[in-house]
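# Reading the structure
As a plain string of letters, each chain reads:
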Amino acid sequence: MNARSIRKPLALAIATALLLPGMAFAQTAKEKELEARIAQLEAQVQALLGAQQQQQAALTQQQGTLAQAQAKLDAVQVAQADGKPKIQSAPILASGNPDTRFSFGGFIKLDAMATSTNAGEIADGTAGRMFYLPSAIPVGGVDESRTDLDSHAQFSRFWFASDGEVQGHKARAYLEFDLFGGGMANLGNQASTNTHGVTVRQAYVSWDKWLAGQTWSNFQDVAALPDAVDFVGPTEGTVFVRQAQLRYTSGAWSVALENPQTVVGAYRGTARTTSDDGNLPDITVRWTGKGDYGHVSVAGIARQLRHDTASTHASGNGYGLSLSGKYNLGKQDDLRYMLIGGNGIGRYVGFALGADGTLDAAAGDIEPTGVLAGFVAWRHVFDPKLRGNLMFSRAQLDNDTDWTGFGVTRSAQSFHANLIYSPLPKLDVGAELIWGNRELESGADGDLRRVHATVMYSF
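Residues numbered from 1 in each chain as written. Predicted model: local features only at pLDDT ≥ 70, side-chain atom pairs only at ≥ 80, totals over all residues. Heavy atoms only, no water.

## What to know about the overall build of the protein
Each helix and strand in the protein was counted, giving three helices and 21 strands. Relative to its 459 residues, the protein shows a buried fraction of 39%. Considering only residue pairs separated by 6 or more positions, the protein has 62% of its internal contacts joining residues 24 or more positions apart. Counting every atom, the protein has about 25200 Å² of accessible surface; 60% of that belongs to carbon and sulfur. (Helix = DSSP H or I, 4+ residues; strand = E, 2+ residues; numbered from the N terminus. Buried < 20%, exposed > 50% of the residue type's maximum accessible area, 1.4 Å probe, protein only. Contact = heavy atoms within 4.5 Å. Areas by Shrake-Rupley, 256 points an atom, 1.4 Å probe, with all protein chains shown as cover.)

## Digging into the pairing of strand β14 (residues 333–343)
In terms of strand pairing, strand β13 (residues 313–329) meets β14 through eleven bridges, oriented antiparallel. Note that in β14 the partner of Y319 across the bridge is N343. Taken together, β13 and the strand that follows it, β14, pair antiparallel across an intervening segment of three residues, in which G330 is found at a positive phi of about 80°. Direction of pairing for β14 relative to strand β17 (residues 370–383): antiparallel, over a ladder of eleven bridges. Bridged to G341 within β17 is L372. (Pairing = 2+ DSSP bridges.)

## Structural notes on the environment of G96
Relative to the helices and strands, G96 resides in the loop between α1 (3–81) and β1 (101–117). As a C-alpha pair, G96 and G164 span 68 residues in sequence and 9.5 Å in three-dimensional space.

## Section: the pattern of salt bridges
In this structure the tally under the stated criterion is 21 salt bridges. In this structure, E121 engages R146 in a salt bridge whose closest nitrogen and oxygen atoms are separated by 2.8 Å. In this pair, E121 is assigned in the loop between β1 and β2 (148–152) and R146 in the loop between β1 and β2, connecting sequence segments 25 residues apart. Taking relative accessible area as the criterion, R146 reaches 42% and is therefore assigned partly exposed. A salt bridge links D282 to R303, with the shortest nitrogen-to-oxygen separation between them at 3.0 Å. Separated by 21 residues along the polypeptide, D282 in strand β11 (residues 282–291) and R303 in strand β12 (residues 294–308) bring together distant segments of the chain. Both residues of the pair, D282 and R303, belong to the buried class. Put simply, E121, D124, R129, R146, D148 and D150 are held in one network by salt bridges that share partners. (Salt bridge = Lys/Arg side-chain N within 4 Å of Asp/Glu carboxyl O.)

## Here we look at the nonpolar core
By size, the foremost hydrophobic cluster in this structure holds 20 residues, and its most contacted members are F219, I340 and Y348. Where this core is concerned, the elements lending two or more residues are β12, β14, β17 and β18 (386–398). Sort the elements by how many residues they give to this core and β17 lands first, with four residues. (Core = buried A, V, L, I, M, F, W, Y, C linked by side-chain atoms within 4.5 Å.)

## Remarks on empty space enclosed by the protein
What the rule picks out here adds up to two cavities of 30 Å³ or more. The leading source of residues in the lining of the largest cavity is β1, at three residues. Volume-wise, the second largest cavity comes out at about 30 Å³. Looking at the second largest cavity, the residues that line it are T358, E367, P368, T369, D398, N399, D400, W403 and T404. Contributions of two or more residues to the lining of the second largest cavity are made by β16 (365–368) and α3 (401–404). Residues that form the lining of the second largest cavity fall into these classes: two nonpolar, four polar and three charged. (1 Å grid on protein atoms, 1.4 Å probe; cavity = no way out; pocket = protein on both sides within 12 Å on 5 of 7 lines; lining within 4 Å. Points joined across faces, edges and corners; volume = space filled by probe spheres on them. Nonpolar A, V, L, I, M, F, W, Y, C, P; charged D, E, K, R; others polar.)

## Thoughts on the layout of surface pockets
Of the volumes computed, that of the largest pocket is approximately 1000 Å³. Residue lining of the largest pocket: 34 residues in total, with F107, R157, P226, D227 and M456 positioned closest to the centre. Breaking the lining of the largest pocket down by element, the ones donating at least two residues are β1, β3 (157–166), β4 (169–181), β5 (197–207), β20 (427–440) and β21 (445–458). For the lining of the largest pocket, a count of residues per class yields 18 nonpolar, five polar and eleven charged. By volume, the second largest pocket is sized at about 730 Å³. Residue lining of the second largest pocket: 27 residues in total, with N218, R247, T249, S254 and K290 positioned closest to the centre.

Laid out in structure tokens, this is it:
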């Protein structure tokens, strides 16, 4: 072996020994750099995934909010489709119970009446000039052969209500007012301001089957009242009382304890006294049946009559029955009716057309006055915008003239005919012809003739 052949392998060995560590070092550095980049990429991916999850959560929350909003919108649309008065879905009263709903409504009503009477004049500014009040028909006066024109907006009305559930119990509070309050001498006059006071009509709370407060008497069937232009219409033939009471209703039955006011007529005179001396409530019971035919209702009342003074204590008893309802005659016609009979229930009928009884102070008795009253009304719908009504009403009082004398009302009756046109939804324009008559026990009587026009918008 020569030296040349030895040097080549040796050089190769030396070079290998010198290069391998450098190559290994270079390879280790590149691996570390690669691992660092991989770690950085993984961190970026994790950050992107976290951001995506947050965006997905936000989107899910937005979708839930939109779904709730859509549900409320659907509920509003359904409520609008049913044609009933609407109330908001959330409470607006700071002191209200959770889920309490608040509502408001009423109507604006303009009335104008041209009235003539043949036996005297109805006094200016009295109730008989505002609506048909049979007890205000003059009797025994001079026929002035003239017509009086009256107009007012006093029967405009508004109401507030709150409805909801409290611990599983259905609760309701209701307040209703009109502007038929306060004498013009105290508030204003027709020469300038025509100012009238706000009057409480109804104020009650109800929960489940109970009601407490002021509302229509349980002896009155409001659903049977005719579609009149006048405030009431067949006034002498209907029960018409609002008063404080405690009522319980179960199904078709209702019973109430009501305010025991007594209207007493003077012995052989026409003067009256309103007595608040009763110590027992008026008790009323009602049954109502409903169906496609309409409804029918039977009611009864039992009451104590009482009048006390410093020297006398007089009392008596009263009772009565009523039958009322509405009978549908197809889609365009219906009949509405009421029949009332009893003793000592005068203040319940026709705005107290007759007294409950007559006072005999010497004997300490109140002699109850008998009454038989009623009305029948036919309603016809000509088309969706035009309807008309015909009504007849009468009340007969059974006075004992030995007690009452001959100056008290024996009977009253009236005819009504109207047409009501609705050019827009909830806007009514109507006119009603009224003839009324009142007769005394003496045989004297008086007539009333009236044209009553109205414009009413409900909201």
